[in-house]
Amino acid sequence: MKAELESRFLSNIEQTVAPTDFDRARTTEDNVALQGTPTPQLGKRGLLLLSWLAPTALVIVWEVLARAGWVTPQVLPAPSKVVATAIKLATSGSLLTDLGVSLLRAVAGFTIGGGIGFALGTLVGFSRVAEAAVDRSVQMIRAIPFLAVLPLVIVWLGVGEVEKIFLVALGVAFPIYINTTLGIRQIDPKLIELGRVQGLSRLELIRRIILPGALPSILTGVRYALATAWLALVVAETIGAQSGIGFLAMDAREFLRTDVIVLTIVIYALIGVAADAIARWLERRLLAWHPNYGGGR
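Residues numbered from 1 in each chain as written. Predicted model: local features only at pLDDT ≥ 70, side-chain atom pairs only at ≥ 80, totals over all residues. Heavy atoms only, no water.

Draft legend 1. Examining the overall build of the chain more closely. Each helix and strand in the chain was counted, giving twelve helices and zero strands. Here the chain holds 297 residues, and 31% of them are scored as buried. If you take every contact in the chain between residues at least 6 apart in sequence, the share linking residues at least 24 apart comes to 71%. Element-wise, carbon and sulfur atoms account for 68% of the exposed surface of the chain, whose accessible area totals about 19,100 Å². (Helix = DSSP H or I, 4+ residues; strand = E, 2+ residues; numbered from the N terminus. Buried < 20%, exposed > 50% of the residue type's maximum accessible area, 1.4 Å probe, protein only. Contact = heavy atoms within 4.5 Å. Areas by Shrake-Rupley, 256 points an atom, 1.4 Å probe, with all protein chains shown as cover.)

Structure follows, in structure tokens:
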């Protein structure tokens, strides 16, 4: 009888351990196979240089074509001409003033819209009742193009600063709302159950499991929202603005200053790159525990 019990006990242990050993063996084989595959390794500096290779090549080709006369200055001025215009406007102070005004509008709209989007996304992510009450209305408003709602916003708010900040906030709120809701809904229920088994309170469960798990999706929404903020600002600054990068572009259009128009486009592109770099930095800082962000980059 004792021998039979010992046999059953060992059999149970074997059934428990065997899959683990099998997984370890498979993992070891996979690691050996991956190590045997030669992959090119680039350092951080090499990757940075590679990311700027295509834009640099485009600027060089653009300069060559412009100097050769294949592209007329009225159509597309040379990059050197655009740089000279930027220096001239910066020296006079008008460029920095317009840039500062646009940045303030973007920051104010992003703060307001991002806060509203995050609050609504968190509410809908945790509550099915809130989803039924809020989500359909939000999706209907999200489907309305900026140009369609612009006349009504002008009637409501005029063409002052409030109108511009409102449009930026409106565009920013939706990406953050959607990604916040998605991030909360994608949390593994097993992790939540594990937290409850460990005796975590509801607040600790949210702070230590749900929000950290949703953070990658939320930061993805922030990256989309940063791009949307500048798109909304361009639309807002084309109507009744007296300052800002959009106003600078519209004023240049009246005098057929293509160099200034191209300069404003380049400024928007550089601001977009800078904003994306800030979002990536936040990912590395806030997601240092995640292998695909802090540990893997």
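Draft legend 2. Main features of the packing of aromatic side chains. Applying the stated criterion across every chain, the model contains one aromatic pair. Pairing tryptophan 230 with tyrosine 268 gives two aromatic rings, centres 6.0 Å apart and planes at 65°, and the pair type is edge-to-face. Placement of the pair is tryptophan 230 in helix H10 (residues 202-237) and tyrosine 268 in helix H12 (residues 258-286), with a sequence separation of 38 residues. (Phe/Tyr/Trp six-rings, centres within 6.5 Å; stacked < 30°, edge-to-face > 60°.)

Draft legend 3. A look at the layout of surface pockets. Taken as a whole, the largest pocket holds about 1,100 Å³ of empty space. Leu48, Ser51, Trp52, Val273 and Ala277 are the residues nearest the centre of the largest pocket, which is lined by 27 residues in total. Per-element accounting of the lining of the largest pocket gives the leading share, eleven residues, to H12. For the lining of the largest pocket, a count of residues per class yields 20 nonpolar, two polar and five charged. (1 Å grid on protein atoms, 1.4 Å probe; cavity = no way out; pocket = protein on both sides within 12 Å on 5 of 7 lines; lining within 4 Å. Points joined across faces, edges and corners; volume = space filled by probe spheres on them. Nonpolar A, V, L, I, M, F, W, Y, C, P; charged D, E, K, R; others polar.)

Draft legend 4. Broad picture of the pattern of salt bridges. For the structure on display, the rule yields eleven salt bridges. With a closest N to O distance of 3.2 Å, glutamate 163 and lysine 164 form a salt bridge. Considered together, glutamate 163 and lysine 164 belong to a single accessibility category, that of buried residues. Here aspartate 276 and arginine 280 are joined by a salt bridge, their closest N and O atoms 3.1 Å apart. Linking aspartate 276 with arginine 280, this pair stays in helix H12, spanning four residues, or about one helical turn. Classification of aspartate 276 as partly exposed rests on a relative accessible area of 26%. Its relative accessible area of 32% is what places arginine 280 among the partly exposed residues. (Salt bridge = Lys/Arg side-chain N within 4 Å of Asp/Glu carboxyl O.)

Draft legend 5. Up close: the packing of helix H6 (residues 128-142) against helix H8 (residues 161-185). Closest axis-to-axis distance for the H6/H8 pair is 11 Å, and the angle between their directions is 145°. Here H6 runs over H8; the crossing is left-handed. Contact residues: H6 offers Arg128, Glu131, Asp135, Val138, Gln139, Ile141 and Arg142, while H8 offers Leu170, Phe174, Tyr177, Ile178 and Arg185. Across the contact of H6 with H8, the residue classes tally to six nonpolar, one polar and five charged. (Axes fitted to C-alpha atoms, helices over the stretch in contact; angles between N-to-C directions. Left-handed = near helix turned anticlockwise from the far one by under 90°.)

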